[in-house]
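Reading the structure
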Amino acid sequence: MAGGLAIALNVGKVPVALPTLRSELDLSLVQAGWVASMLVFLAFLGATFTGMWVGRLGALRMVLGGLVICAGASLIAPLAPGWWPLIGSRLLEGLGFMVVAVASPALVTAATSPGDRRFALGLWSTYMPAGASMAMLASPWLLPRTGWTGLWFLAAAGLLLAAAAVAGQRRHYAAAAPGHAANGGGLWATARGALAQPLPWLLALSFGVWAMQHFALIVWMPTYLQEQRGAGAGATAVLTGLMLLACVPGNLLGGWLVQQEIPRGRLLLAAQLCTGAGALVYSTEALPDPLRYAAAVFVSFAGGVIPAAVMASSTVLARSPQQIGTLQGLYMQGAQLGQVVGTPLIAAVVASSGQWSSALAVTASAAAAGVLMALAAGRLEARMQGHPG
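First things first, this report covers the structure right here in the doc. (Residues numbered from 1 in each chain as written. Predicted model: local features only at pLDDT ≥ 70, side-chain atom pairs only at ≥ 80, totals over all residues. Heavy atoms only, no water.)

**Quick word on the overall build of the chain**
For the chain, the count of helices and strands is 19 helices and 0 strands. What you see for the chain is a C-alpha radius of gyration of 20 Å, in line with the 21 Å of a compact globule of 389 residues. If one aligns the C-alpha atoms of the chain with their principal axes, the spans along those axes are about 55 × 50 × 30 Å. Here the chain holds 389 residues, and the buried ones make up 56% of them. At a minimum sequence separation of 6, the contacts of the chain that also span at least 24 residues come to 83%. Put simply, the chain shows about 15,000 Å² of open surface, and 69% of that area lies on carbon and sulfur atoms. (Helix = DSSP H or I, 4+ residues; strand = E, 2+ residues; numbered from the N terminus. Rg over C-alpha atoms; globule rule 2.2 N^0.38 Å. Buried < 20%, exposed > 50% of the residue type's maximum accessible area, 1.4 Å probe, protein only. Contact = heavy atoms within 4.5 Å. Areas by Shrake-Rupley, 256 points an atom, 1.4 Å probe, with all protein chains shown as cover.)

**So, the pattern of salt bridges**
This structure, assessed with the given rule, holds 8 salt bridges. Across the pair Glu 261 and Arg 118 runs a salt bridge whose closest N-O atoms are separated by 3.7 Å. In this pair, Glu 261 is assigned in the loop between helix 13 (247–259) and helix 14 (264–282) and Arg 118 in helix 7 (residues 117–124), connecting sequence segments 143 residues apart. Judged by its relative accessible area of 59%, Glu 261 is exposed. Arg 118 gets classed as partly exposed once you look at its relative accessible area, which sits at 24%. Where salt bridges share partners, they join Arg 229, Glu 285, Asp 289 and Arg 292 into one cluster. (Salt bridge = Lys/Arg side-chain N within 4 Å of Asp/Glu carboxyl O.)

**Quick look at the environment of Gly 254**
Secondary-structure assignment places Gly 254 in helix 13. Once the C-alpha coordinates of Gly 254 and Arg 264 are considered, the two residues, 10 residues apart in sequence, prove to be 9.5 Å apart. In contact with Gly 254, not counting residues within four places along its chain, are Val 305 and Ala 308.

**Here we look at the packing of helix 8 (residues 127–146) against helix 9 (residues 148–168)**
Put simply, helix 8 and helix 9 touch, their axes get as near as 7 Å, and they point 130 degrees apart. In terms of orientation, helix 8 and helix 9 fall into the oblique class. When the axes of helix 8 and helix 9 are compared, the crossing they make is right-handed. Judged by residue contacts, Ala 135, Ala 138, Ser 139, Leu 142, Leu 143 and Thr 146 of helix 8 engage Trp 148, Thr 149, Gly 150, Leu 151 and Leu 154 from helix 9. (Axes fitted to C-alpha atoms, helices over the stretch in contact; angles between N-to-C directions. Parallel < 35°, antiparallel > 145°, perpendicular 65-115°, else oblique. Left-handed = near helix turned anticlockwise from the far one by under 90°.)

**What about the packing of aromatic side chains?**
If you walk through the whole model with that rule in mind, you get 3 aromatic pairs. Aromatic side chains Phe 49 and Trp 53 sit 6.3 Å apart centroid to centroid with 65 degrees between the ring planes, which places their arrangement in the edge-to-face category. You can call Trp 53 partly exposed: its relative accessible area is 26%. When the ring of Trp 124 is compared with that of Tyr 127, the centres are 4.4 Å apart and the planes differ by 25 degrees; the resulting orientation is stacked. In this structure Trp 124 comes out as buried when scored by relative accessible area, which is 1%. The exposure class of Tyr 127 is buried, given its relative accessible area of 6%. (Phe/Tyr/Trp six-rings, centres within 6.5 Å; stacked < 30°, edge-to-face > 60°.)

**Some thoughts on helix 7**
For helix 7, the full list of buried residues reads Ala 120, Leu 121, Gly 122 and Trp 124. Those residues of helix 7 hidden inside the fold are in contact with helix 1 (2–25), helix 6 (83–110), helix 8, helix 13, helix 16 (305–312) and helix 17 (314–317).

**Remarks on the state of the cysteines**
All chains considered together, the criterion is met by 0 disulfides. Not engaged in a disulfide, the cysteine Cys 247 finds its nearest cysteine sulfur in Cys 274; these two sulfurs lie 13 Å apart. (Disulfide = S-S within 2.5 Å.)

**Quick word on the environment of Ala 233**
The topology assignment puts Ala 233 in helix 12 (residues 233–245). In this structure the C-alpha to C-alpha distance between Ala 233 and Ser 139, which are 94 residues apart in sequence, comes to 8.2 Å. Apart from residues lying up to four places away in sequence, Ala 233 is in contact with Pro 140 and Gln 226.

If you want it as C-alpha cells, here you go:
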C-alpha cells in the first residue's frame, strides 16, 4: 500500500500544477494533456507483457526497482526544467509506475490469507485515489512556497520512503518469490492460459472506459475551476482532492461487495449507469455549481466500485499464482488505454468548441460502452458458474 500511494503521488502532483506549468513552460492545452497522460504511456503499451514477468523475476524485486526508478525520474524535471526534460521524466516515471502497479498485487496476494484476498485486492485498488489526493491536498501549501518543483521533490521523497517500507516487510512476501522456469516457453504458456479467457478482456475494457471518465475529471477539473470559475489554487486543490478522495470509499465498497460474492457484471452495470448519469449533471452549465460539484463527487464514489471489482477478479480467474501478474497487467493496460486516449481527446474537444461542457460527448460515450461491456461480462460470468441464463 505504501508503494501504491507513492506512485500515485506522481499522478496527483500534475493536475493542480498544470496551470503553473503551462505559464512557466509556455505549454498549450494539448501539450499539458500529454504531460498528464505521459505517465501511463508505457503502461498503455506494455503492462500485460510486464505482468507476464512478475512470476519469473519476482514481484518484490520489480516493486523495489520501480519505486527507485520513479524517485530518480521525479528529480529530473526540477533539476533541468523544460518541455523535453519534463516529458522524458514523465516517461521514466511511467516505467516505474507500470512496474509497481502490475507487480504489487502479487505481494498483496502473498501477504494475505485466501479468504481475505478479494477484499485485500479491493483495498489495494484505493492506492490511486488516496495517493493522488494526498499530492493535491499538499499542493496549496507547497505551490506558493516552492513552486511546482516542491511537489516533484515531495514525490521523490515519498517514493524512497515507500521503497524502504517495502524492503522492511520482505519476509511476508515469500510466496511471491521468483519462479524457476528455465525457458521462455513456460512464460508464454502461462500467459496464454490467462489471456485465452474472454472475461478478463471485457473486464480490462470496462476498466478502460471508466478510467476515461475518471481521469478526465481528475486532470481537467483544476484547470476548469481556475480558468472558468476563477478559483484560487488552494480552493482548486481542496475541491479536486476531495472529489478524488471520494473514490476511496467506493473502492472499499466494491471490495466488500465482491467479498459478498455479488456478481461482477451487476456491480459494473450499476457503477457505469451511475457515472453516466452523474456526468450528465456535472456537465450541464445551467445547473448551480454546488450541484454540479456534488455530481462529480458522486461519479468518483460510484465509479470506485469498478477498479475494486476488476482487480479482485484475478483471485478467481488466475489458474496459477504466476497468472496473477499477467491478469493485473492486462487490467492496468485497459485502464491506461482509457487515460491515454481520453485525456488528450477531451482536451482537443474542449479546445475545438471552447466549451468545457462538450466533454460530455466523450464521457457519456464511455459510460454507454461500459454498460454494454458490463452486460456481456455478466453473461460470461453466469456461464462460468453454470447458469447460462
